[in-house]
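What the coordinates show
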Amino acid sequence: QVHLVESGGGLVQAGGSLRLSCAASGRSISSYSMGWFRQAPGKEREFAAGIDWSGDSTYYADSVNGRFTISRDNAKNTVYLRMKSLKPEDTAVYSCAASLCSGYGCYAPGAYDYWGQGTQVTVSS
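Conventions we followed
- Here, residues in each chain are numbered from 1, in the same order as that chain's written sequence.
- Restriction of local features to residues with pLDDT of at least 70 applies here, the model being predicted, together with a cutoff of 80 or more for giving and counting side-chain atom pairs; totals for whole chains, interfaces and linings are based on all residues.
- The basis for every side-chain value is the complete set of heavy atoms in the structure, and neither hydrogens nor water enter the calculation.
- A patch is a set of surface residues, each over 30% in relative accessible area and not in a salt bridge, joined within 9 Å for like charges and within 5 Å for the nonpolar side chains Val, Leu, Ile, Met, Phe, Trp and Tyr.
- Residue burial considers only the protein chains on display, and all accessible areas are found by Shrake-Rupley using a 1.4 Å probe.
- Every case where a carboxyl oxygen of Asp or Glu lies within 4 Å of a side-chain nitrogen of Lys or Arg is listed as a salt bridge.
- None of His or the chain ends enter the tally, which takes Lys and Arg as positive and Asp and Glu as negative.
- To locate a charge, take atom NZ for lysine, CZ for arginine, CG for aspartate or CD for glutamate.
- For the purposes of this entry, the term helix denotes a DSSP run of H or I that reaches at least four residues, the term strand denotes a run of E that reaches at least two, and both are numbered from the N terminus.
- Any residue under 20% of the maximum accessible area for its type is buried, any over 50% is exposed, and the rest in between are partly exposed; the area is computed with a 1.4 Å probe on protein chains only.
- Strands were regarded as paired on the criterion that DSSP finds at least two bridges between them.
- For our purposes a nonpolar core is just a set of buried Ala, Val, Leu, Ile, Met, Phe, Trp, Tyr and Cys residues, chained together by side-chain atoms within 4.5 Å.
- Between 30 and 60 degrees the pair is tilted, below 30 it is stacked and above 60 it is edge-to-face, where a pair is any two Phe, Tyr or Trp rings, Trp via its six-membered ring, whose centres lie within 6.5 Å.
- Here, over-ring charges are defined by two tests on the NZ atom of lysine or the CZ atom of arginine: distance to the ring centre within 6 Å, and angle to the ring normal within 35 degrees.

Remarks on a positive patch on the surface
- Side chains of Arg19, Lys76, Arg82 and Lys84 sit close together on the surface and give a patch of like positive charge.
- Mapped onto the secondary structure, Arg19 falls in strand S3 (residues 18-25).

Right, dumping it as structure tokens:
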């Protein structure tokens, strides 16, 4: 069982930056692909960023590509999401998730086995 806890969310002005953290416990996530998803009020959960087990491969939704950076530290059992040039449309609850998926299979929420509770990110205009 993998227990995930996100932190680092908050209120930021448009154009600002935040770094989210996802700390895992229960077992090592070193063999898991990890993803960040977000869900805005009244909208479906959507994929934001993903990273393979080694950290060598990262992938992003078009809406965040070039502004968000996902990374991981397997020694600390933690995954990060660095967000810059934030926009009001980035406002959402951001959740991290763990999966044994690979490649294109990692874009779908259904591919993930473990989820955190989420952290709120609010971007004001």
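Re the pairing of strand S11 (residues 119-124)
- Residues Thr119, Val121 and Val123 point to one face of S11 and are all buried, whereas Gln120, Thr122 and Ser124, pointing to the other face, are not buried.
- Bridge count between strand S2 (residues 10-13) and S11: 4 bridges; the pairing is parallel. From the neighbouring strand, Gln13 faces S11, where its bridge partner is Ser124.

Some thoughts on the nonpolar core
- Formed by 37 residues in total, the largest nonpolar core has its most connected members in Leu4, Met34, Trp36, Ile70, Leu81, Met83 and Tyr94.
- For this core, the secondary-structure elements that each account for two or more residues are S3, strand S4 (33-39), strand S5 (46-51), strand S6 (58-60), strand S7 (68-73), strand S8 (78-83), strand S9 (92-99) and S11.
- Per-element accounting of this core gives the leading share, 5 residues, to S9.

Some thoughts on the packing of aromatic side chains
- For the coordinates displayed, the defined rule picks out 9 aromatic pairs.
- Note on Tyr32 and Tyr114: the rings are 6.1 Å apart at their centroids and 75° apart in plane angle, and the pair reads as edge-to-face. Residue Tyr32 is found in the loop between S3 and S4, and its partner Tyr114 is found in strand S10 (residues 114-115); the two are separated by 82 residues along the sequence.
- Note on Tyr114: relative accessible area 16%, which makes it buried.
- Geometrically, the ring pair formed by Phe47 and Tyr107 is tilted, given 4.6 Å between the ring centres and 50° between the ring planes. With Phe47 in strand S5 and Tyr107 in the loop between S9 and S10, this residue pair connects regions lying 60 residues apart in the sequence.
- You can call Phe47 buried: its relative accessible area is 9%.
- Classification of Tyr107 by relative accessible area gives partly exposed; the value is 32%.
- Among the aromatic residues, ring-to-ring pairing joins Phe37, Phe47, Tyr59, Tyr107, Tyr112 and Trp115 into one connected group.
- Lying over the aromatic face of Trp115, Arg45 brings its terminal NZ or CZ to 4.0 Å of the ring centre.

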